[in-house]
Amino acid sequence: MAPPPAIRFDRTGQVFSARSGRVEALRDVGFEVRQHEFLAILGPSGCGKSTLLRMIAGLLKPTSGSVEVYGKTVTGPREDIGIVFQKPTLLPWATVEENVTFPRRHKTGRVSRADRARAQELLDMVGLEGFGKRLPDELSGGMQQRVGIARALLMDPEILLMDEPFSALDALTREVMGLDLLKMFADKPKTVVFITHSVTEAALLADRVLVMTGRPGTVLTEIPVPLDRHRGPETLKEPAVNDLASHLRDLLIGKRAA
Amino acid sequence: MYERLLGACALGGLMAASSAMAADKVAYQLDWLPGGDKAPIYVCIEQGFCEAEGLEVTIVPGRGSTDAISRLAAGSSDIGMADIGALLAAKAQEGVGVTAVMSVFNTGPHAFYTLAGSGFDSVAGARGRTIATSPFTSSNVYLPLVLEEVGIAEDDITLIKADPGALGPMLMTGRADGIIAWMTDLTRYGNQAAEAGKKIVALPWSEAGLELYSASLIASDGFLAERPDVAARFVRAFRASVAFCRENPEEAAASVAALVPELGAEDVTGSLKDALPLIFNEVTDANGLGTFDADRLAATWARVAQAQGLDAAAFDPETAVARSYLPES
Amino acid sequence: MTSPRICATSSSASGQPDMAQESWPAPAVTPYRDAIAAALRRAGQMPGLATLLTLAGTVAFWEISVRLFAVPSYLLPAPSAILGTFGVIGWDRWATHVIATLRVALMGFGLSILIAIPLAVLMMRVQILSRTLYPLLVVIQSTPVVAIAPIIIVVLGAGDAPRIVITTLITFFPLVVATATGLAATPPELIELSRSLRAPGFREMTQIRLPFAVPYIFSALKISITLAVIGAVVAEFCAAEAGVGYFIQVSTSLFKLPQAWGGLLVLAAMSLALFQAVILVQRLLFPWSLPKSR
């Protein structure tokens, strides 16, 4: 028997009851994410992409269908999942190192020497060597987001959920950050669900791209990226990336026009 | 040598302790802020009258007669000063636990103040005038009575209310033809007028026929019941202090200024001299210092009841006073 | 011997380096204009000096006007007359008044912090409390404290207690509202992070919500500390044996207006000092919570 997929959505729907009435965010969503796969989810704004992530993390229960992680239905918040938000949302009063160790301090009330060593290791890995004692304010937006990534990796989660993590950065920083992210996963592979609205970013980073429609969000199509895992700045010049990007763009624009 | 010194110290400490033990603590409630018209209690402390009776007195400023009466009733002060009119009204309506033990101002201090040369030179001259008063003074209660006394309807005057501090300036600047104030403030208003190059005329309501008891020494019933001896000693010391004020107003004023340096001795002397005629006058000559004459007390109650719309027959003013604490004279 | 010194003086007075004048010869008027501009710029760069000059100018204008138009002291006393009253009652007596007011203001302020912050936390945690307490708080806030002050004084008796309660009543409302707003203004991502970690609820409060509310709390503390001085004065107007408010009241009751103005001046200085003290505490303890450099 094949091992269960890391994440599985089965006819999952989500309806919010707002003051103005019912809002159907997701309808009949079905897809799987394999172990150590990098899945990019692409779609127009407001198609419920963030809702998907929150359901995986167990912060939100689906109103219909189910979400499974490693073959088990998600019923509450899971600790084996790391989240990187669109904004770094660091604690402005804490140093970079304290921000990285924050999940431990927040969960258990204290931070061990091992945690601090791990934080140091993660900071080195995200390229922030020597910045541990700085305050977030002293860092650029890109560096702050690197702290956010290190924070999400502190507990060594199997699954990393990233909600448009680089959308606030300039185009160049964005590419560098994305490729650095892939380098990190080369040694220690993770299952990644990466939400973006950049077609180039999706094509450059992902193993597979899930394209969604607007509200209510449904899966339009899944497209595998015809490239191996070794990607670098030169990957951007490959015709396959450009072809895929323009194909994705057509899908999104076509969907919007329809 | 050393032991003797130690012994002396111990003895001194013992004496200090015993004298502190012996002195009875009394909290004295003023009906208003410190001032020259409140001189007797400062004289009592500063000139040793209180100490001679074995009393250790602390002074608590108040904010009007009603405030003073409620604090005495609540027992936070033992004895103090308040208008007997306010006391009678409070006792008739709510039966508060306080009793008057000595009259101090045996005539009402209420008056119109006007500017010399304005033609407003008698209480009856108030007709058609604009009069300024402060919102909370007890004088307002008696105003209709004094107007009735001189045959003026309330509609015949324009009454405006303002902060006490604004009354003087309003009179000087002509915003009011007259103001309602107490005779104890004659010197203060006189000085203020002098600064503006003007002269003040005081028209006391008592001269227009408003005869009544006013500021009186009033004690908490709890204090009287639990420490009647202390109360009697206090009244004795207070009465002696009042007499001292009459004989030595300058020294009395110096006593006030010594305890309350915010008040200049000059101002204190002025307001004490303004207050003395309210304490010593033909009523005092006839009945003696501090007494409550039954007829005058009944007349006072009749006035208060009329002014406040109370049933005069429903309350006996004699139940509000206790004459036994006054020394025999 | 003398001429170089004159040269040096004039060049430094013009505020222009010599080099600049040599390379760009300017019309004769510019050095003066530059000198004025430079002086103004320098004054602008020293906010303390600018404030001082404005203050000195105002006081001078006030003094001259009062003397010129012979304004009587009961309308507006001259600054010199006000300052003259400071010596009248002696420094120990002043200290008594200032300490009395300061004690009530600070204790009332402290008590309102002790009440307001836990109350806001409670209202954050318990939705029903928030809905039921808010209207009650608004009612308390809109009750004129002056009207109920006599009742408070009769109930609580002599001593500082009634004055502290009055001060607390005046100061605590902005604190509760600002703290509640601050607690609710935490980035939702961090709350999700906390939930996903399944951390205990009190740590969400202590490690996320309360620290994020600090800038809000300090904004309110700055308002409350000045209200605390007002509260102490209001309380002293109703019942006190000492204090700057009491001093002002005694002075006005005696028509000693310059002396009352002296008290007002002391009150203003106290408010300013306390306000600066709150800013200093924020700068020392929570430097990250200050507004970003402009």
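Refer to the structure presented above.
The structure presented is a predicted model; accordingly, all values stated were derived computationally and were not measured. Each chain carries its own residue numbering, running from 1 in the direction its sequence is written. Going through the entries in the order they are written, you letter the chains from A and number the ligands from 1. A pLDDT threshold of at least 70 governs which residues receive local features in this predicted model, and a stricter bar of 80 or more applies before side-chain atom pairs are shown or counted, although totals over entire chains, interfaces and linings include all residues. With hydrogens and water set aside, each side-chain value is computed from the structure's full complement of heavy atoms.

## Focus: the packing of aromatic side chains
1) Next: Any Phe, Tyr or Trp ring, taking Trp's six-membered ring, that has another such ring centre within 6.5 Å forms a pair; planes under 30 degrees apart are called stacked, those over 60 apart edge-to-face, and the others tilted. Per the counting criterion, the structure on display carries 19 aromatic pairs over all chains.
2) Next: Taken together, a centroid distance of 5.4 Å and an interplanar angle of 75° make the contact between Tyr213(B) and Phe292(B) edge-to-face. Within this pair, whereas Tyr213(B) is found in the loop between β9 (200-204) and β10 (215-220), its partner Phe292(B) is found in the loop between α13 (282-287) and α14 (294-308), the two being separated by 79 residues in sequence.
3) Next: By relative accessible area, Phe292(B) is classed as buried at 5%.
4) Next: Ring centres of Trp94(C) and Phe247(C) lie 4.6 Å apart, and the angle between their planes is 55°; on these two criteria the pair is classed as tilted. Within this pair, whereas Trp94(C) is found in helix α6 (residues 91-125), its partner Phe247(C) is found in helix α12 (residues 244-253), the two being separated by 153 residues in sequence. Each member of the pair, Trp94(C) as well as Phe247(C), is classed as buried. The numbering of helices and of strands both runs from the N terminus, where a helix is a DSSP run of H or I of at least 4 residues and a strand a run of E of at least 2. Each residue is placed in one exposure class: buried if its accessible area under a 1.4 Å probe, protein chains only, is under 20% of its type's maximum, exposed if it is over 50%, and partly exposed if it falls in between.

## Section: the sheet that holds strand β7 (residues 159-163) of chain A
Residues and elements named next belong to chain A.
1) Next: Here, strands pair whenever DSSP counts at least two bridges between them. Pairing is mixed across the open sheet formed by six strands, whose spatial order is β6-β7-β8-β3-β9-β10. For this open sheet the edge positions go to β6 (81-84) and β10 (219-224), each flanked by a neighbour on one side alone. Between one strand and the next, the sheet's axes are offset by a mean angle of 15°, whatever the strand orientation.
2) Next: Where strand β3 (residues 38-42) meets strand β9 (residues 208-212), four bridges bridge the pair, whose relative direction is parallel. In the sheet register, isoleucine 41 faces β9, and the bridge partner there is leucine 210.
3) Next: Only heavy atoms matter for contacts: two residues are in contact if any of them lie within 4.5 Å across the pair. Fitting a line to C-alpha atoms yields each axis, with helices limited to the stretch in contact; the angle taken between N-to-C directions then spans 0 to 180 degrees. Across the face of the sheet, helix α4 (residues 141-153) comes into contact with β6 and β7 while running at roughly 170° to β6.

## Describing the sheet that holds strand β5 (residues 72-73) of chain A
Residue and element names in this part refer to chain A.
1) Next: Read across the sheet, four strands follow the order β2-β1-β4-β5 without closing on themselves; strand pairing throughout is antiparallel. With one partner strand each, in any of the chains shown, β2 (21-33) and β5 form the two edges of the open sheet.
2) Next: Pairing between strand β1 (residues 7-18) and strand β4 (residues 64-69): five bridges, direction antiparallel. Bridge pairing in β4 places aspartate 10 opposite serine 66.
3) Next: The strands touched by helix α1 (residues 49-56) within the sheet are β1, β2 and β4, with β1 carrying the most contacts at an inclination of about 115°.

## Concerning the pattern of salt bridges
1) Next: The rule for a salt bridge is simple: a side-chain nitrogen of Lys or Arg has to be within 4 Å of a carboxyl oxygen of Asp or Glu. Counting across every chain of the model gives 42 salt bridges over all chains.
2) Next: For the salt bridge of Lys107(A) with Glu79(A), the shortest nitrogen-to-oxygen distance reads 3.5 Å. Of the two residues, Lys107(A) is situated in helix α2 (residues 96-108) and Glu79(A) in the loop between β5 and β6; the sequence distance between them amounts to 28 residues.
3) Next: Lys107(A) sits in the partly exposed class, given a relative accessible area of 24%.
4) Next: Under the relative-accessibility criterion, Glu79(A) is labelled partly exposed at 34%.
5) Next: Across the pair Glu63(C) and Arg67(C) runs a salt bridge, and its minimum N-O distance is 2.5 Å. You can see Glu63(C) and its partner Arg67(C) sitting in helix α4 (residues 47-68), four residues apart, about one turn around the helix.
6) Next: When its relative accessible area of 59% is taken as the criterion, Arg67(C) is described as exposed.
7) Next: Through salt bridges that share partners, Arg118(A), Glu121(A), Asp156(A), Lys188(A) and Lys190(A) make up one connected network.

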